[in-house]
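# Residue-level structure breakdown
Here is what each chain is made of, one letter per residue.
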Amino acid sequence: MGFLGVDVGSISTKAAVIDDAGEVVARSYLWTEGDPLAAVKRVLAEVEPQAKAAGEDVVAVGVTGSARELIGAALEAQVVKNEITAHAMGTLSRHPGVHTIFEIGGQDSKIIIVRDGVPVDYAMNTLCAAGTGSFLSAQARRLNVPVEDFGDYALRSTKPTKIAGRCTVFAESDLVHKAQIGHPQEDLIAGLCQAIVMNYLNNVGKGKEVRAPIVFQGGVSKNVGVVKAFADITGEEIVVDDDGHLMGAIGVALLAREGEGRAEFEFSAHDVEFDTRGFECGGCPNDCEVVTLSRAGEFLDGWGNRCERGIERAKADISDA
Amino acid sequence: MATSSADYRLSFPHMGNYHIPMCTLSSMLDCEIMVAPKMTRRTLELGVRHSPEFVCIPFKYNLGNFIETLDAGANLLVQAGGGCRFGFYAEVQEEILRSLGYEFDMIRLVGDFDLRKYYQDLRRINPKLSFRGALHHYRLAARQTRALDAVEDFMRKRSGFEAEPGSFDAVHERFLRELGPTPSIAEAAALEERTLAELAALPVEMPVDALRVGVVGELYVLMEPFSNFFVERELAKRGVEVHRFVTVSDMLSHAGPKGSAHLRELIEDAGPYLKYHVGAHGTESVAMTRRLMQAGFDGVLHLKPFGCMPEVNAMAALQRLSRDNTFPVLFFSYDGQTSETGVRTRLEAFCDMLRMRKRAGVSAATNMEVPA
Amino acid sequence: MPVTGELRRSSADRVPPASSRGNIYERAPVSAGRINRLRPRKMVRWSAQLRGGVEPIDATVGIPRALLYHKYGDLWTAFFETLGVDTVVSPPTNRAILERGSRLAVDETCLPMKIFLGHVDSLMSQADYVLVPRVASLHRGETTCVKFLGAYDVARNSIPDARLIEYDVDVANGKRHATEIRRLGRGFERNPAKVGYAYMRARREANRLHSERALGNEQAALEPGLKVLVVGHPYNIYDEMIGAPVVSILREQGAAVLAAELADASRAKTLSARLSRDVPWTFNKELLGAVEHYREYVDGIVFLVTFPCGPDSLMTELCVRRLEGMPTLVLVLDELQGEAGLRTRLESFVDLLRLRRPKERTATTARVV
């Protein structure tokens with residue numbers, strides 16, 4: 001039997017299929033490109049042949065990530081979990097002795113403190129995206145260096161430039177200024193990597209006891225420059241898992257395996273057109289922004305409403321259309 | 001402008017369901033009482049638009065309430081104050097509202113808790129008010145507040161486990177309807193007793209590993225569920241027994257000269273984490289968190305408006321307490337841009353984490369005490 | 001006296017500023033030459049007669065150059081020096097101190113408090129104890145900002161290894177400054193008479209220095225020329241990273257700078273009633289009164305506010321609304337502030353003030369050149 005986990009983030013969409021033993025038999029990692037439904041279709045198309053080849057039939061589905069409610073409804077998932085729990089579960093299955101999990105994704109970052117195999121504390125970034133992957137890609141565009149090459153540049157630097165990293169806007173002007181006065185590119189990039197780490201530790205990691213072993217994951221963990229900066233600043237060894245970007249998907253697949261719900265998952269059945277629509281309810285001054293999901297004119301689910309009225313209106317709206 | 005008390009239409013800002021006893025209290029002034037329109041997102045938008053940029057969020061909600069109620073015809077506003085920035089709300093809000101062109105009168109109950117001084121202020125509006133009459137209204141309102149707090153306290157602890165969805169809410173709503181008209185202290189007490197019995201009789205399904213979580217922090221965001229995105233209800237929905245200690249009755253019972261003894265007790269309970277009072281409810285947040293930790297609670301949720309200095313002071317202590325004892329404390333800070341989805345996600349993960357800890361704690365020996 | 005004179009203590013034996021920027025607010029440690037140490041000769045013999053001569057505790061007290069230092073710094077240094085206790089004052093705020101403070105503090109702590117924690121931390125290696133007083137109220141019916149209530153506990157919790165000494169002033173609960181600081185002094189010197197003498201002496205010295213500065217401020221208000229009143233807490237105006245750039249840019253633009261903080265406190269408090277009835281904080285009350293005191297004499301007012309200061313957020317709002325016709329500029333500073341933006345805003349403000357008083361134009365432009 002196989003268990004499918006899908007992690008739909010703001011920047012990237014990940015899917016993994018695990019078998020009874022928890023081994024990953026299929027994996028996929030793609031950009032969300034602002035359309036989670038389309039991205040999920042693409043990752044499903046990628047994992048299906050891999051799962052088939054391993055001889056695993058998917059019997060339960062788990063969904064996590066910021067679009068988990070939408071995708072959970074579309075895939076009729078058995079488990080819909082927040083990404084913090086999913087990541088903790090995924091990492092713990094691979095690294096049972098871990099004490100600290102650093103996670104930096106496209107738009108958010110979190111820290112999970114684990115003791116004796118149990119998550120005991122966590123924190124997540126607040127509104128600001130300064131300590132996340134989108135900050136790095138924005139600065140990469142500024143410097144005209146592909147973000148994939150950042151790591152190599154950073155490793156070449158011997159004297160990282162100090163860059164104010166607390167805020168994207170300020171970091172950018174600081175970066176431009178430092179570039180103008182002639183700092184070499186590799187030092188700037190290494191400086192950026194340090195800025196993101198400092199910002200992470202000051203913001204998300206504030207007041208937390210960072211104890212080794214440390215696992216670093218999420219999209220940004222693929223960047224060796226940031227890994228090195230973490231190692232330099234914490235003075236500890238940083239473990240990066242090859243499947244680090246898939247931990248959310250693996251975790252939620254494990255949760256689906258542990259759950260009760262079982263239903264044969266037919267990949268082809270989900271290759272149909274879904275329709276999402278958003279509108280402001282207007283039923284009261286709350287003006288809830290209700291989002292609905294429907295398939296061939298049939299209402300599936302809706303979110304964002306504070307009261308039943310929003311959903312009633314949504315249903316009426318769909319049947320009118 | 002109004003000249004006799006009958007021409008006044010009195011209104012005040014919202015906070016939870018306290019508008020009910022507040023109506024009872026204000027009826028001593030013998031004028032029409034208008035409850036401000038229900039809190040909506042528009043309330044906050046109005047408040048944010050006309051407030052200083054980084055003033056704390058309760059100011060913005062209060063101002064939004066005032067604007068909406070003035071638009072609906074109120075001409076006499078009541079605002080309290082004290083403890084921190086709150087002590088300066090009334091004067092600044094009055095200035096802002098006047099410059100928006102509203103005409104109204106304002107009762108500012110600021111400074112130290114002093115019934116006699118308040119009475120003098122109130123005589124200005126209703127010269128016929130006797131001290132006995134004022135005292136009667138105050139005592140009845142205080143009793144209604146206590147009834148309200150007792151019922152809602154029970155709701156927080158039990159409603160998460162209701163066997164029949166909506167059964168607790170139904171009783172609660174009826175209670176709220178009946179509370180306002182209770183004419184005497186005895187009847188308010190009887191209503192409280194009746195409602196608590198009814199709630200206790202409702203069928204519940206208590207799981208063995210039910211979580212117990214305490215909610216501490218700044219009083220306004222604690223007591224106005226709209227401002228905290230209904231976190232207590234969200235916790236209850238996830239099968240959590242929610243405990244909260246900051247209520248208006250609690251504040252009234254420690255008001256005046258009894259306050260300093262209460263503070264000393266709190267500082268003692270805060271143990272090594274506080275030596276002095278750190279302002280407003282900050283000391284209580286630390287003391288309560290430590291008490292709950294020692295009582296074997298599963299975790300604590302700390303709520304505050306962004307930049308709330310007393311609670312920021314408390315946070316330094318709470319972070320250390322949490323780190324020293326690996327006791328989970330989740331911090332939420334509210335400003336006009338706090339995302340409701342973000343709060344939900346964190347809350348969900350918090351409950352998951354507590355449950356995992358609890359399960360591990362039951363099966364294996366850890367440093368956590370397991371509640372009896 | 002040059003343009004920069006009015007806030008500066010005028011004494012000739014001033015120690016030159018430590019920073020390269022030349023911080024005019026630099027408070028040099030009180031030199032041993034000016035204040036007679038208590039220990040030498042006469043006093044020691046006197047005290048020895050009293051209780052048989054015990055050597056004072058040999059300890060160095062670190063004084064963070066932040067928050068209340070800018071109000072009581074002269075008093076503290078003189079007090080400890082007279083008691084024969086060595087003091088070390090942290091250097092003017094620099095980027096490292098600020099960064100360290102931001103790292104230690106809860107994210108939404110106000111900027112002065114972050115800086116304060118940075119200073120406390122920087123003193124750990126240099127001093128045996130760091131002085132972190134708690135000042136909850138200075139007068140009945142008034143309070144101080146909540147951060148002063150928590151300063152001691154916040155420092156203790158944010159820097160668990162720090163060795164702090166404190167005294168607790170809470171006049172509303174009967175703990176007066178004079179009594180409490182002497183109680184602290186008793187930890188270093190057992191003889192109460194000696195401690196009392198040290199306090200008295202320190203008080204007198206601090207008062208003398210303060211009135212010199214206040215007098216300079218008053219005189220500057222009467223000078224012709226463009227004058228700007230800077231309304232801000234002393235720990236903001238005199239901080240190297242917060243207020244110093246503001247003041248120096250204003251001066252470069254040819255404006256004389258008056259500090260609201262230096263107005264006579266008791267007069268200011270009476271005057272403050274004209275602007276606000278309810279303001280509960282002593283320091284803000286004094287600032288409000290100072291605005292009232294100086295408003296006739298100045299061309300414009302700059303409010304120096306740090307993010308996210310609770311009292312100032314409300315006081316500034318009220319004040320600006322009630323100062324109709326007076327040009328005001330509200331500067332909200334946080335740790336991300338770049339100097340370029342600051343300069344643009346201050347320059348255009350001074351330009352605006354100059355345009356409002358055409359008869360002075362020639363004189364002031366001459367000064368800029």
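Nothing here was measured: the structure is a model prediction, and the numbers come from that model. (Residues numbered from 1 in each chain as written. Chains lettered and ligands numbered in written order. Predicted model: local features only at pLDDT ≥ 70, side-chain atom pairs only at ≥ 80, totals over all residues.)

### Considering the overall build of chain A
- Within chain A, the secondary structure is distributed over ten helices and 13 strands.
- Rg of the C-alpha trace for chain A: 21 Å, near the compact-globule value of 20 Å for 321 residues, within the 12% margin.
- Looking at chain A residue by residue over its 321 residues, the buried ones come to 51%.
- Sequence separation of at least 24 residues holds for 65% of the intrachain contacts in chain A that already meet a minimum separation of 6. (Helix = DSSP H or I, 4+ residues; strand = E, 2+ residues; numbered from the N terminus. Rg over C-alpha atoms; globule rule 2.2 N^0.38 Å. Buried ≥ 20, exposed ≤ 12 C-beta atoms within 10 Å, placed from the backbone. Contact = placed C-beta atoms within 7 Å.)

### As for the overall build of chain B
- Looking only at helices and strands, chain B has 15 helices and eight strands in total.
- Here the C-alpha radius of gyration of chain B, 21 Å, is about what a compact globule of 372 residues would show, namely 21 Å.
- Taking the principal axes of its C-alpha atoms as reference, chain B extends roughly 70 × 45 × 40 Å.
- When contacts within chain B are restricted to residue pairs at least 6 apart in sequence, long-range pairs at least 24 apart make up 73% of them.

### Description of the interface of chain C and chain B
- Listed per partner, the contact involves 29 residues of chain C and 34 residues of chain B.
- Of all elements in the fold, only helix H5 (146-158) and helix H12 (310-322) of chain C reach the threshold of two or more residues within the side of chain C that touches chain B.
- Sort the elements by how many residues they give to the side of chain C that touches chain B and H5(C) lands first, with nine residues.
- Considering only residue class, the side of chain C that touches chain B consists of 13 nonpolar, seven polar and nine charged. (Nonpolar A, V, L, I, M, F, W, Y, C, P; charged D, E, K, R; others polar.)

### So, the domain arrangement of chain B
All names here are of chain B.
- Domain parsing of chain B yields domain 1 (5-129), domain 2 (141-206) and domain 3 (209-363).
- Across the boundary between the two partners, domain 1 contributes 16 residues, which contact 20 residues of domain 3.
- At the level of secondary structure, the elements contributing two or more residues to the side of domain 1 that touches domain 3 comprise helix H2 (41-50) and helix H3 (57-71).
- No other element matches the four residues that H3 contributes to the side of domain 1 that touches domain 3.
- When its residues are assigned to classes, the side of domain 1 that touches domain 3 shows twelve nonpolar, three polar and one charged. (Domains from an automatic or database assignment.)

### What about the packing of helix H1 (residues 19-26) of chain B against helix H6 (residues 131-158) of chain B?
All names here are of chain B.
- The N-to-C vectors of H1 and H6 enclose an angle of 170°; their axes lie 8 Å apart at closest approach. The orientation of H1 with respect to H6, classified from their angle, is roughly antiparallel. Contact residues: H1 offers Ile20, Pro21, Thr24 and Leu25, while H6 offers His137, Tyr138, Leu140, Ala141, Gln144, Thr145 and Leu148.
- Class assignment for the residues of the contact of H1 with H6 results in seven nonpolar, four polar and no charged. (Axes fitted to C-alpha atoms, helices over the stretch in contact; angles between N-to-C directions. Parallel < 35°, antiparallel > 145°, perpendicular 65-115°, else oblique.)

### Topic: the sheet that holds strand E3 (residues 76-80) of chain B
All names here are of chain B.
- Pairing is parallel in the open sheet, where four strands are placed in the order E2-E1-E3-E4. In this open sheet, the two edge strands, each paired with only one partner strand, are strand E2 (32-33) and strand E4 (105-109).
- Where E3 and E4 come together, five bridges link them in parallel fashion. Within E4, the residue paired with alanine 80 across the bridge is leucine 109.
- Contacts from helix H4 (residues 89-99) reach E3 and E4 within the one sheet, and its direction differs from that of E4 by about 165°. (Pairing = 2+ DSSP bridges.)

### A few points about the pairing of strand E2 (residues 86-89) of chain C
All names here are of chain C.
- Pairing geometry for strand E1 (residues 60-63) and E2, over four bridges, is parallel. Looking at E2, one finds that valine 61 is bridged to threonine 87.
- Where the polypeptide runs from E1 across helix H2 (residues 69-82) and back to E2, its parallel neighbour, the crossover connection is right-handed. (Right-handed = clockwise from strand over helix to strand, strands pointing away.)

### So, the sheet that holds E1(C)
All names here are of chain C.
- Read across the open sheet, the four strands follow the order E2-E1-E3-E5; overall the sheet is parallel. On the outer flanks of this sheet lie E2 and strand E5 (164-165), each paired with one strand and no other.
- In this structure, E1 lies alongside strand E3 (residues 129-131), joined through two bridges in parallel fashion. Counterpart to glycine 62 in the pairing with E3 is valine 130.

### With respect to the environment of B:Gly83
- Structurally, B:Gly83 is set in the loop between E3 and H4.
- For the pair B:Gly83 and B:His136, spaced 53 residues apart in sequence, the C-alpha separation works out to 27 Å.

### Digging into helix H14 (residues 309-325) of chain B
All names here are of chain B.
- When the terminal C-alpha atoms of H14 are compared, their 24 Å separation across 17 residues agrees well with the 24 Å that a helix rising 1.5 Å per residue should span.
- Counting buried residues in H14 gives 13 out of 17 residues, a clear majority hidden from the surface.
- Immediately downstream of H14, the backbone of threonine 326 shows phi near 35°, a positive value. (Expected span 1.5 Å × (residues − 1).)

### With respect to unusual backbone geometry
- For the bond from A:Ala212 to A:Pro213, the omega torsion is -5°, close enough to zero to count as cis.
- Mapped onto the elements, A:Pro213 comes out in the loop between helix H7 (185-203) and strand E9 (214-217).
- Following C:Phe307, the chain continues into C:Pro308 via a peptide bond in cis, with omega recorded as -15°.
- Located in the positive-phi region is A:Glu76, a residue other than glycine, with phi close to 50°.
- Residue position: A:Glu76 is located in the loop between helix H2 (68-74) and strand E5 (79-80).
- Positive phi is not limited to glycine here, since A:Asn144 has a value of about 65°.
- With respect to the element layout, A:Asn144 can be found in the loop between helix H4 (133-143) and helix H5 (150-156).

### Observations regarding the environment of B:Gln144
Residue and element names in this part refer to chain B.
- Positionally, glutamine 144 belongs in helix H6.
- Under the C-beta neighbour-count criterion, glutamine 144 is labelled buried, with 27 such atoms within 10 Å.
- For the pair formed by glutamine 144 and tyrosine 18, sequence separation is 126 residues and the distance between their alpha carbons is 9.2 Å.
- Once residues lying within four places of it in the same chain are set aside, the contact partners of glutamine 144 are Ile20, Pro21, Thr24, Leu179, Thr182 and Ala188.

### With respect to the packing of H14(B) against H5(C)
- Between H14(B) and H5(C), the least distance of the axes is 9 Å, while the angle of their chain directions is 15°. Looking at the two axes, H14(B) sits roughly parallel to H5(C). Read as a crossing pair, H14(B) and H5(C) show a hand that is left-handed. Residues B:Met309, B:Pro310, B:Asn313, B:Ala316, B:Ala317 and B:Arg320 of H14(B) pack against C:Val146, C:Lys147, C:Gly150, C:Asp153, C:Val154, C:Asn157 and C:Ser158 of H5(C).
- Here the contact of H14(B) with H5(C) is composed, by residue class, of six nonpolar, four polar and three charged. (Left-handed = near helix turned anticlockwise from the far one by under 90°.)

### Re the nonpolar core
- Within the largest apolar cluster, 289 residues are counted, with the highest numbers of intra-cluster contacts made by A:Ala253, C:Val230 and C:Val291.
- In terms of residue count, the dominant contributor to this core is H7(A) (ten residues). (Core = buried A, V, L, I, M, F, W, Y, C linked by C-beta atoms within 7 Å.)

### Details of the confidence of the model for chain B
Residues and elements named next belong to chain B.
- Mean pLDDT over chain B works out to 90, with 95% of the residues at or above the 70 mark.
- Confidence drops under pLDDT 50 across residues 362-372; counting only partners more than four residues distant or on other chains, this segment forms twelve contacts.
- Among the scores for the predicted complex, ipTM is 0.90 and pTM is 0.84. (pLDDT = per-residue confidence, 0-100.)

### Focus on the environment of B:Leu303
Residues and elements named next belong to chain B.
- When you line up the elements, leucine 303 lands in strand E7 (residues 299-305).
- For leucine 303, a count of 28 C-beta atoms within 10 Å corresponds to the buried category.
- It is 4.9 Å that separates the C-alpha atoms of leucine 303 and phenylalanine 332, two residues lying 29 residues apart in sequence.
- The residues contacting leucine 303, other than those within four sequence positions of it, are Val215, Gly217, Glu218, Val221, Leu222, Asn228, Val231 and Phe332.

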